[in-house]
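# An overview of the molecular structure
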Amino acid sequence: MLRVFRAEVMKWRRNWFPWVVLASALAAPFLVFLMGALRSDRPTAASLMQNILTFHFLLTGPLVVTLIGAQFIAAEYQWDTWKLLLTAPVPRWSVYAAKWVLGVVWIMALSLLVALAGFSAAYLVHATGALAYGLWLKAFLYGSVGLTAALSVYHLITLISRNFFVTSAVGIVAAFAGLLASQSKYIGVYPITGNLLIVQSLLGRVDDLGGVIGTPEVWAGVLIATALFGLVGSLAYVQKASYR
Amino acid sequence: METVLATRSLTKRYGRRAVVDAVSLNVMKGDIYGFLGPNGAGKTTTLRMIVGLVTPTSGHVEILGRDPSRSPRSLMGEVGSLIEGPAFYPHLPAGENLLILQHLRRHVDRREIEELLELVGLADVGRMPVDRFSTGMKQRLAIALALSGTPQMLVLDEPTNGLDPEGFRELRSLLRRLAAERGVTVLLSSHLLHEIEQVATRIGVISGGRLLVEATVDELRGQRERCLEVVVSHPEAAQDLITRRLGAKVERTGDLTLLIRGLVQPAEVNALLVRNDVAVSRLVEREASLETIFFNLTGGTVHA
């Protein structure tokens, strides 16, 4: 499994894709930094981080997950390299597992990078007030775990559709549906916004939950069920896959 | 002789249509086995089933006497393959592509990478990404990838596609060297007879999903059919006479030229025609070429 994982890491060297993903992930801290820099008054560090967190976990993060979920699978179709993977003397499940693990690691690393970029933005705009660095890092870390729930679902969609754009379209619709859900009582039971709600709870920032469906356990259950659905489906698909 | 690869009544159906129909191949150790058939004959599907990319509808594959679908995946490490054109990570150099495959084959050896690149004549490409390679270079890299991890057998599906005559000559010499120096068994598919004839030691001919013949090249040459070519004044009358009186198959190949197949004596043919007022201006004994044998087997769809 470790060797398959290393092979998975190596194939992304010298490729444009990691840079696109990095730029997409850093969009949230960059835009919030710009807004802070253009303001006449100095923002508080906590509000700046809160804006980045909401922006990242509600919009750019889910879009980054879509990109990673789609491209990890679609690129193998595009390069016609599935046949290399499926004829390799390794279990087929490990071929998929390596992709999933790398995706999870990548998403978590990017989220932590976004947090660090947020700290830098707060410093650069001379934000007022103290920052509880540990708590914010913890919030981004937990949120990044929640973000990965949709990864395997996007993998499954790409495995079946064999197309980057189909998954991207689904991901964009899903992210914008999240924006709508964030304004409704379904905020907790929609995977993307449910994840945001869990992070907000961790930060003690859920002020008004009146009428919102579910409890933190239910929200976490929705995330886990989403991830499991995608994982089981993707593993089963790769296990049975024929090369056409 | 040890059988490296065997298929037992291997069949693949898509709906009611049998793309591969009860194909039983036997590839012996050290063979360069030419798998010959017209486009759409079922060659690629057979090879895909052999390497595990497609599940057979019935029948099975044996690699070194074991069924890969019931054996550990490590058995597939004994088979290197190139199916339907080369596949690699185009943004990476040749060496890094080989390193990725070595990781997948659990056999990381940087010295082997240099040796393989040397073997296929790509030692000088440095860090040039593969998408800048010529077609021939890509094809050679694909063979290096298939050889990674020193498999006992190579399965190459139409490896000469896109190669110029020089590239084909290089590939042929590489395959011969692999068989002679490394003892690698090669299963090579093609729809071009002359390619297979020049390199293969054994040949299997497939058409319409069925294996029509499996023999060594020498055995096939030994089966060459004798025939008579005759130029006559009245071809219709001659054709009728020979078919009726001598029971031979007659084919009209020109205005006045007939080709007579079967065990007939030239003197007998000549006497029969002259007795019936058909003038014979030429009568030549010929042997059917390997090409004619394949044309007859496949219904005229293998390209010479």
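Presented here is a report on the structure given in the accompanying data block. This structure is a prediction, so every number in the text was calculated from the model and none was measured.

What counts and what doesn't
- Residue indices follow the written sequence of each chain, beginning from 1 at its first position.
- Chain letters and ligand numbers both follow the written order, the letters beginning at A and the numbers at 1.
- A pLDDT threshold of at least 70 governs which residues receive local features in this predicted model, and a stricter bar of 80 or more applies before side-chain atom pairs are shown or counted, although totals over entire chains, interfaces and linings include all residues.
- Only hydrogens and water are set aside; all other atoms, that is, all heavy atoms of the structure, feed into the side-chain values.
- Computed over the protein atoms alone on a 1 Å grid, cavities are sets of points where a 1.4 Å probe fits but cannot get out and pockets are open sets with protein on both sides within 12 Å along at least five of seven lines; a residue lines them when it has an atom within 4 Å of a point.
- Grid points are joined across faces, edges and corners, and a volume is the space filled by probe spheres set on the points.
- Numbering of helices and strands runs from the N terminus; a helix is a DSSP stretch of H or I covering at least four residues, while a strand is a stretch of E covering at least two.
- Residue polarity follows a fixed list, in which Ala, Val, Leu, Ile, Met, Phe, Trp, Tyr, Cys and Pro are nonpolar, Asp, Glu, Lys and Arg are charged, and the others, Gly among them, are polar.
- Comment: axis = line fitted to C-alpha atoms, over the contacting stretch for helices; angle = value between 0 and 180 degrees taken between N-to-C directions.
- To sort the angles, those under 35 degrees are grouped as roughly parallel, those over 145 as roughly antiparallel, those from 65 to 115 as roughly perpendicular, and the leftovers as oblique.
- Here, two residues are considered to be in contact whenever any of their heavy atoms come within 4.5 Å of each other.
- Two strands pair under a simple rule: DSSP has to find at least two bridges between them.

Once that is clear, we can look at the layout of surface pockets. If you add up the space inside the largest pocket, you get close to 630 Å³. When residues of the lining of the largest pocket are traced back to their parent elements, those giving at least two are α11 (216-240) of chain A together with α1 (43-51) and β5 (58-63) of chain B. Here the element with the most residues in the lining of the largest pocket is β5(B); it accounts for four residues. Residues that form the lining of the largest pocket fall into these classes: ten nonpolar, ten polar and five charged.

Residue and element names in this part refer to chain A. Where helix α2 (residues 17-25) contacts helix α3 (residues 27-38), the axes come no closer than 4 Å and their chain directions differ by 40°. With respect to each other, α2 and α3 are oriented oblique. Seen from α2, the contacting residues are Ala23, Ser24 and Ala25; seen from α3, they are Ala27, Ala28 and Pro29. Tallied by class, residues from the contact of α2 with α3 come to five nonpolar, one polar and no charged.

This paragraph deals with empty space enclosed by the protein. Applying the stated criterion to the full structure yields six cavities of 30 Å³ or more. There is about 100 Å³ of room inside the largest cavity. Considering the residues around the largest cavity, the lining is formed by Lys83(A), Leu84(A), Thr87(A), Leu53(B), Ser81(B), Leu82(B), Ile83(B), Gly85(B), Pro86(B), Ala87(B), Ala142(B) and Leu145(B). Mapped by element, the contributors of at least two residues to the lining of the largest cavity are α5 (82-86) of chain A together with β6 (79-82) and α4 (135-147) of chain B.

Take the sheet that holds strand β9 (residues 202-207) of chain B next. Within a sheet, neighbouring strands are paired by backbone hydrogen bonds and run either parallel or antiparallel to one another. Residues and elements named next belong to chain B. Sheet architecture is open: six strands sit in the order β6-β7-β8-β4-β9-β10, paired in mixed fashion. Each edge of the open sheet is held by one strand with a lone partner, namely β6 and β10 (210-216). Within the sheet, the average angular offset between the axes of one strand and its neighbour, ignoring direction, is 15°. Pairing between strand β7 (residues 153-157) and strand β8 (residues 185-190): five bridges, direction parallel. Within β8, the residue paired with Leu154 across the bridge is Val186. Along the sheet, α1 makes contact with β4 (32-36), β6, β7, β8 and β9, crossing β7 at roughly 150°. α4 contacts β6 and β7 of the sheet and is inclined by roughly 160° relative to β6.

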